[in-house]
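Chain by chain, the residues run as shown.
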Amino acid sequence: NTSEFSISHSTSGPAGMFECLNPNVGVVPNPASEFFRVYSDVSFTHLRLYNTDGRIILMQPSDIKEINVSGLPSGIYLLQLWNHNTLVGSVKVVKG
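These lines cover the structure that appears in this document, whether it is placed above or below. (Residues numbered from 1 in each chain as written. Predicted model: local features only at pLDDT ≥ 70, side-chain atom pairs only at ≥ 80, totals over all residues. Heavy atoms only, no water.)

## Describing the overall build of the protein chain
A tally of regular secondary structure across the protein chain gives 0 helices and 7 strands. The linear arrangement of helices and strands in the protein chain, starting from the amino end, is β-β-β-β-β-β-β. When each of the 96 residues of the protein chain is scored for burial, the buried share is 36%. Of the roughly 5400 Å² of accessible surface on the protein chain, a fraction of 50% belongs to carbon and sulfur atoms. (Helix = DSSP H or I, 4+ residues; strand = E, 2+ residues; numbered from the N terminus. Buried < 20%, exposed > 50% of the residue type's maximum accessible area, 1.4 Å probe, protein only. Areas by Shrake-Rupley, 256 points an atom, 1.4 Å probe, with all protein chains shown as cover.)

## Details of the sheet that holds strand β1 (residues 25-28)
Ordered by their spatial adjacency, 3 strands build an open sheet running β1-β2-β5, and the pairing between neighbours is antiparallel. Each edge of the sheet is formed by a strand with only one pairing partner; in this case those strands are β1 and β5 (66-68). Looking at each pair of strands side by side, their axes are set apart by 30° on average, direction ignored. (Pairing = 2+ DSSP bridges. Axes fitted to C-alpha atoms, helices over the stretch in contact; angles between N-to-C directions.)

## So, the nonpolar core
By size, the foremost hydrophobic cluster in this structure holds 15 residues, and its most contacted members are V27, F36, V38, L47, L79, L81 and V93. Counting only elements with at least two residues in this core, the list comes to β1, β2 (35-40), β3 (46-50), β6 (75-83) and β7 (86-95). The dominant element in this core, judged by the number of residues it contributes, is β6, at 3 residues. Those residues in contact with F36 that sit more than four places away from it in its chain are V27, V28, P29, L49, K65, E66, I67, V69, L79 and V93. (Core = buried A, V, L, I, M, F, W, Y, C linked by side-chain atoms within 4.5 Å. Contact = heavy atoms within 4.5 Å.)

## Here we look at the pattern of salt bridges
For the structure on display, the rule yields 1 salt bridge. With a closest N to O distance of 3.3 Å, R55 and D53 form a salt bridge. Note on R55: relative accessible area 45%, which makes it partly exposed. (Salt bridge = Lys/Arg side-chain N within 4 Å of Asp/Glu carboxyl O.)

What follows is the structure in structure tokens.
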């Protein structure tokens, strides 16, 4: 079971933060080599990290804000923030 998504190429905010769906969601550092930290002004219960095939490769609760990506291949990923069953934010993450 895969989910479809699109990635926006627009950027705003401080260098290294790519906003897609919600301007109050970001990750630092971006690109990331070992980990990134999630910043958000919106409440969320869990997050999901998708690869470019639309497959969920990571899902974890919102209380864990530092995401370890050291074991992932380099590339572009989509991080989505969910509040129960509602998507409340997303951001493009680059793994270098």
